[in-house]
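Coordinates in review
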Amino acid sequence: MLIGELSARTGVSARLLRYYESKGLLRARREANGYRVYDEDAVTRVRQIKALLDAGLPTERIREVLPCARGEKPDLDMCPQLRELLARQLRALDEDIERLRHNRTRLANLTGDVRV
């Protein structure tokens, strides 16, 4: 299928699909005319990418997770390496949340906001 059809079927813009391809998350063949052609499984792959992005994973991590992804949800084949990668990502998110809470409290104190 061409990029326009993949875009229509997944709700992801052609520009974003090209970005996914540039990051190594999605593969396309090139026709003689230079058009990108995607296999049918690209629909599932794009839905997996969207789900992993929605879970807060950056594209660099998604590239590492995708080989373990099954189905559109996706379900993950949890090997020890993947479990550790996701645990590190969770720890990073927890640190971000704590930093944001700290910053919010300090800002609230500066403004006299009592809803801390």
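Residues numbered from 1 in each chain as written. Predicted model: local features only at pLDDT ≥ 70, side-chain atom pairs only at ≥ 80, totals over all residues. Heavy atoms only, no water.

1. Considerations on the overall build of the protein chain
A tally of helices and strands in the protein chain yields five helices and four strands. Moving toward the C terminus, one meets the helices and strands of the protein chain in the order α-α-β-β-α-α-β-β-α. The C-alpha radius of gyration computed for the protein chain amounts to 19 Å, which surpasses the reference 13 Å derived for 116 residues by more than 25%, pointing to a less compact arrangement than a globule. C-alpha atoms of the protein chain, sized along the principal axes, occupy 65 × 35 × 20 Å. For the protein chain, the proportion of its 116 residues judged to be buried stands at 27%. Contacts in the protein chain between residues far apart in sequence, at least 24 positions, make up 41% of those at least 6 positions apart. Approximately 8000 Å² of the protein chain is accessible, and the part contributed by carbon and sulfur atoms is 51%. Positive and negative side-chain charges in the protein chain, numbering 23 and 18 respectively, have mean positions lying 4 Å apart. (Helix = DSSP H or I, 4+ residues; strand = E, 2+ residues; numbered from the N terminus. Rg over C-alpha atoms; globule rule 2.2 N^0.38 Å. Buried < 20%, exposed > 50% of the residue type's maximum accessible area, 1.4 Å probe, protein only. Contact = heavy atoms within 4.5 Å. Areas by Shrake-Rupley, 256 points an atom, 1.4 Å probe, with all protein chains shown as cover. Lys, Arg positive; Asp, Glu negative; His and termini not counted. Charge placed at Lys NZ, Arg CZ, Asp CG, Glu CD.)

2. What to know about a nonpolar patch on the surface
Together, Leu90, Leu93 and Ile97 make up an exposed nonpolar region whose accessible area comes to about 250 Å². Looking at where Leu90 falls in the secondary structure, it is placed in helix α5 (residues 80-111). (Patch = residues over 30% accessible without salt bridge, like charges linked within 9 Å, V, L, I, M, F, W, Y side chains within 5 Å. Salt bridge = Lys/Arg side-chain N within 4 Å of Asp/Glu carboxyl O.)

3. So, the packing of helix α1 (residues 3-10) against helix α2 (residues 14-22)
To describe two helices that pack against each other, one gives the angle between their axes and the distance between the axes. One way to put it is that α1 packs onto α2 with a least axis distance of 9 Å and a crossing angle of 105°. The angle between α1 and α2 places the two elements in the roughly perpendicular class. Across the interface between the two elements, Ile3, Leu6 and Ser7 of α1 pack against Ala14, Leu17 and Arg18 of α2. Here the residues of the contact of α1 with α2 sort into four nonpolar, one polar and one charged. (Axes fitted to C-alpha atoms, helices over the stretch in contact; angles between N-to-C directions. Parallel < 35°, antiparallel > 145°, perpendicular 65-115°, else oblique. Nonpolar A, V, L, I, M, F, W, Y, C, P; charged D, E, K, R; others polar.)

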